[in-house]
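# An overview of the molecular structure
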Amino acid sequence: MRLKNINLFIIIIIIFSLIKIDYRFEEIPYGLEVDDAEYYYSAITIGLDYDLDFSNQMEGIENRFLNKEIKKVVPFHPIGSGMLAAPFVFVGNIIQKLQNSNGLISFVYFMYSIAPIFYLLLSILLIQKSMKSLNISFNNNLLLLAIFGTGISYYSFDRFSMSHVYEFFASTFLIYLTTYSIKKDNSSIKRYIHFLIGLLIFIFLAIRWTNYLFFLIPMVVYLISKSPIRNLYLSPYFIFGISIGLIIFLLHTKYLYGIYTLNQAPIVLSVENSFSGNYNRFFDLSLFSENIIFLLEGLRIIFLSQEFGLFFFAPILFLSIVFVLFSIYEKKFILGFCLSILYSIPFISVIVIQNTAFSYGYRYLFVLIPINIILYFKFLNNSKIIKCYLYFFSILGFALYIFFETTQGTSLSNGYVVNAFGMETRYSNPAYLSNLPSALLSINAYMHIIFTSFLGVFLIKCINLIASPLLIFGKFTEINDDIFNLVDDTTNFSWFKLSILFVFVIYFLLKVTKEESISENY
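We now turn to the structure provided with this report. Quick caveat: nothing in here was measured; it's all calculated off a predicted structure. Per chain, residues are indexed from 1 in the order of the written sequence. Residues qualify for local features only when their pLDDT is at least 70, as the model is predicted, and side-chain atom pairs are given and counted only at 80 or more; totals for whole chains, interfaces and linings, by contrast, use all residues. Just so you know, side-chain values use all the structure's heavy atoms and leave hydrogens and water out.

By definition, any uninterrupted DSSP run of H or I lasting at least four residues is a helix, any uninterrupted run of E lasting at least two residues is a strand, and each is numbered from the N terminus. Along its length, the protein carries 26 helices and two strands. Note that the radius of gyration is over C-alpha atoms, with the globule rule given as 2.2 Å times the number of residues to the power 0.38. Computed over C-alpha atoms, the radius of gyration of the protein comes to 23 Å, within 12% of the 24 Å expected from 2.2 N^0.38 for 522 residues, which places it in the range of a compact globule. The C-alpha extent of the protein, read off along each of the three principal axes, is 70 × 60 × 50 Å. Within the span of the protein, comprising 522 residues, buried residues form 54% of the whole. In the protein, 72% of the contacts between residues at least 6 apart in sequence involve partners at least 24 apart. Carbon together with sulfur atoms contributes 63% to the accessible area of the protein, which is approximately 22,700 Å² in total. Only four residue types enter the charge count, namely Lys and Arg as positive and Asp and Glu as negative; His and the chain termini do not. We put the charge of a Lys on NZ, of an Arg on CZ, of an Asp on CG and of a Glu on CD. Side chains of the protein give 34 positive and 32 negative charges; the mean places of these two sets differ by 15 Å. Three labels apply to residues, based on accessible area from a 1.4 Å probe with only protein chains included: buried if under 20% of the type maximum, exposed if over 50%, partly exposed otherwise in between. Contacts: residue pairs with any heavy atoms within 4.5 Å of one another. Residue burial considers only the protein chains on display, and all accessible areas are found by Shrake-Rupley using a 1.4 Å probe.

Set out below in structure tokens:
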């Protein structure tokens, strides 16, 4: 490994040591109906029970009898992320049977928590390999900074039981398979790859049903590489893969929900109808002009608001509009049209719900990060202005993520407030950006970052080897319930699990930091 890569690795290790892991201290019990739990139940029923029967995980949850034919409890959320996490649950169950005790959390849950870290870091490797395959030069520092400057890591290290890292992986894997098929001369291998791309489009659609943009990702890659689109989309093997994938998808909706459908809206609105008015308005032609204004205002808020506005919080996603305008300026009209459709799908989803989905960032847009990384290094890497913007605001974006939930000003509200869209809702913070300076000056914020992170867990466990951490901390601060619970959970978190987590992360960080562009002059 070259010296510059060693320095990069050290920097990345320091940054990762500050990422929170305290979400792993409390295992999700059965019988809940929140987002994190339902995704976990999908992984459990597939990885342990080898079925799609949720009755033992969701017993007694009355508003989850969503099957249209029979009274059967099923999750409100799609099962795709559970399919990808199931192998980790399966392995965790094997290890758990060899252990005498679970400790703070079971090995099943621990391995489940590792799955999104694996898919996130694997995705970065696949993005790097895809760009090499397309002969696109890239700066590894900027690539990593652009990705982690969006807050995507929140959904692998903090809220790891959400679906967004799996969507990120799905988008990346489709890009990788497409670039692999373009460069592969062996026609027999190409056929299998074409079939796999078609099949996986529908398999990955089961992660989030609204990600119809998966159909367009291979097309965008073909346009970038200046390869004939018909080579894939008219391939009988691709069409066969699409057909098999469609059949599997429809069969799974029939089994779970009692209907053959590609549209999750009836299922979603039967549980959460607060945004049914915004959804239905787009089908009312008499509101055409009002809907245009509604869309433009929604885009302005998504791009520029203090509440996770992309310009500040996720610059690589803000460049979406730049890529469309660039394509039109360069007279790449087909590419511009495809990108417009591709971007409109997740953006409209955000505009319809009129909030940030009660978590960090515009999480429904994170599926776009991989294709935007490819587009940036392909077309805009030579622009000094955009490069400086991406560097500076990606650093800002990462800081905004690190300080999330460290102070009241950088946390989401528990009570009802008016969000950036003008909607009265919980779990919002319309002044997040302007509250960052006060968080940067808060000692308590830094203490919160350190002692809920990899570094803090490691330090507390080391202190516990020689003395009581509570006695030592009590000399400097008052021991409240939060500090007591944090120290207690940390000391009970096994060294074995912590070592596995460290080794796992460090191994993949070594892999992603040693990758170099085929031609880079910085």
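Alright, that's what it looks like, and here's the rest.
Locating Ser-181 in the fold gives a position in helix 7 (residues 164-183). When residues no more than four places from it in sequence are discounted, the contact partners of Ser-181 are Lys-190, Ile-193, His-194, Ile-197 and Tyr-222.

In this section: the nonpolar core. Put simply, buried Ala, Val, Leu, Ile, Met, Phe, Trp, Tyr and Cys residues joined by side-chain atoms within 4.5 Å make one nonpolar core. Core analysis: the largest hydrophobic core is formed by 168 residues, its most contacted members being Leu-143, Leu-310, Tyr-360, Ile-373 and Tyr-376. Counting residues per element, this core draws most heavily on helix 4 (residues 107-133), at 17 residues. Other than its neighbours up to four places away in sequence, Tyr-360 contacts Thr-150, Gly-151, Tyr-154, Tyr-155, Phe-308, Phe-313, Phe-366, Gly-397, Leu-400, Tyr-401, Phe-404 and Tyr-432.

Tracing the chain through its elements places Phe-458 in helix 23 (residues 454-464). Exposure remark for Phe-458: the relative accessible area of 36% places this residue in the partly exposed category. Residues Phe-458 and Thr-490, spaced 32 residues apart in sequence, show a C-alpha to C-alpha distance of 8.5 Å. Setting aside chain neighbours within four positions, we find Phe-458 in contact with Trp-495, Leu-498 and Phe-502.

This part covers the pattern of salt bridges. Oppositely charged side chains are able to pair whenever their charged atoms sit close together. One speaks of a salt bridge when a side-chain nitrogen belonging to Lys or Arg is within 4 Å of a carboxyl oxygen belonging to Asp or Glu. Counted under the stated rule, the structure contains six salt bridges. When the shortest N-O distance is used, the salt bridge between Arg-208 and Glu-167 registers 3.0 Å. Of the two residues, Arg-208 sits in the loop between helix 8 (187-205) and helix 9 (217-225) while Glu-167 sits in helix 7, which places them 41 residues apart along the sequence.

Moving on, we come to the side chain of Ser-81. Relative to the helices and strands, Ser-81 is located in helix 3 (residues 80-98). On the basis of relative accessible area, Ser-81 is assigned to the buried category, the value being 2%. Setting aside its immediate chain neighbours within four residues, Ser-81 contacts Tyr-39, Ser-163, Tyr-166 and Ile-207.

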